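Per-entry structural report
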Amino acid sequence: MKPYIHKVNYYETDKMGVTHHSNYIRFMEEARVDFMEQIGYGYDRMEAEGVGSPVIGIEANYKKTTTFPDEIAVKVFAVKISAFKLTIGYEMTCKDEIVFTGSSTHCFLDSNGRPVVLEKNFPQFYQALAATLPDNN
C-alpha cells in the first residue's frame with residue numbers, strides 16, 4: 001500500500017508553530033479514505049452498496065511534534081477484523097521519524113442502521129481488508 005502524504009498547513013499549527021494535536025485525527029481520516037480507495041472500496045462505493053462505517057473508537061499516541069510545512073507520511077493497515085468490527089492502524093512519519101501512532105475502530109451498518117457481518121454480506125470487501133492484515137503481507 002502506498003502511504004498517504006499530508007503537508008502540514010499553516011492554519012493547522014498553534015501559537016507555538018506546532019501542529020495542533022486535534023489535526024492528527026483528521027489526518028487519520030484523510031489517510032483512511034485514501035486507504036479505502038486503494039483497496040477498491042472508497043466510501044462512495046461502500047455507501048452505494050448500502051454500507052456505512054462509523055467510527056466507534058480512537059486511540060492516539062503522539063511521539064514527536066511536526067510543524068509547517070512538514071510532510072507527514074501515513075501508513076494505514078488493518079489491525080483486526082471481527083464479525084462486526086474493523087480496527088485500522090496508523091503510523092505517521094516525518095523525516096524518517098515516527099511522530100504518531102494510532103488506531104480507529106469501526107463497525108459496519110446497513111442502510112437501516114443494523115449491524116452487518118462483513119464477511120457474510122460483503123465478502124469481496126472483507127477479503128480486500130483482510131489482505132492488508134500484517135500476517136498477509
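Each remark here, short or long, concerns the structure printed above.
The structure reproduced in this document is the subject of the present report.

1. Considerations on unusual backbone geometry
Going from Phe-68 to Pro-69, the amide bond is cis rather than trans, its omega being -5°. Counting through the fold element by element, Pro-69 comes out in the loop between strand E2 (55-62) and strand E3 (71-81). We note that Lys-95 has phi near 55°; this positive angle belongs to a residue other than glycine. Mapped onto the elements, Lys-95 comes out in the loop between strand E4 (85-94) and strand E5 (97-107). Judged by its relative accessible area of 65%, Lys-95 falls in the exposed class. At Asp-96, a position not held by glycine, the phi torsion is positive, near 65°. Note that Asp-96 resides in the loop between E4 and E5.

2. A closer look at helix H4 (residues 123-130)
When H4 is considered as a whole, its buried residues turn out to be Phe-125, Tyr-126, Ala-128, Leu-129 and Ala-130. In this structure, the buried side of H4 is in contact with helix H1 (23-38), helix H2 (43-48), E3, E4 and helix H3 (118-121).

3. Digging into the packing of aromatic side chains
On inspection of all chains with the given rule, the structure shows seven aromatic pairs. Pairing Tyr-24 with Phe-27 gives two aromatic rings, centres 5.4 Å apart and planes at 65°, and the pair type is edge-to-face. Of the two residues, Tyr-24 and Phe-27 are both situated in helix H1; the distance of three residues between them amounts to about one turn of the helix. Taking the centre distance of 5.8 Å and the plane angle of 90° together, the rings of Phe-108 and Phe-125 count as edge-to-face. Taken together, the residues Phe-108 in the loop between E5 and H3 and Phe-125 in helix H4 connect sequence positions 17 residues apart. The pair formed by Phe-108 and Phe-125 is uniform in burial state, with each residue classed as buried. Each member of the aromatic cluster is reached from another via a ring pair, and the members are Tyr-24, Phe-27, Tyr-62 and Phe-100.

Cut-offs and rules
- Residues numbered from 1 in each chain as written.
- Predicted model: local features only at pLDDT ≥ 70, side-chain atom pairs only at ≥ 80, totals over all residues.
- Heavy atoms only, no water.
- Helix = DSSP H or I, 4+ residues; strand = E, 2+ residues; numbered from the N terminus.
- Buried < 20%, exposed > 50% of the residue type's maximum accessible area, 1.4 Å probe, protein only.
- Contact = heavy atoms within 4.5 Å.
- Phe/Tyr/Trp six-rings, centres within 6.5 Å; stacked < 30°, edge-to-face > 60°.

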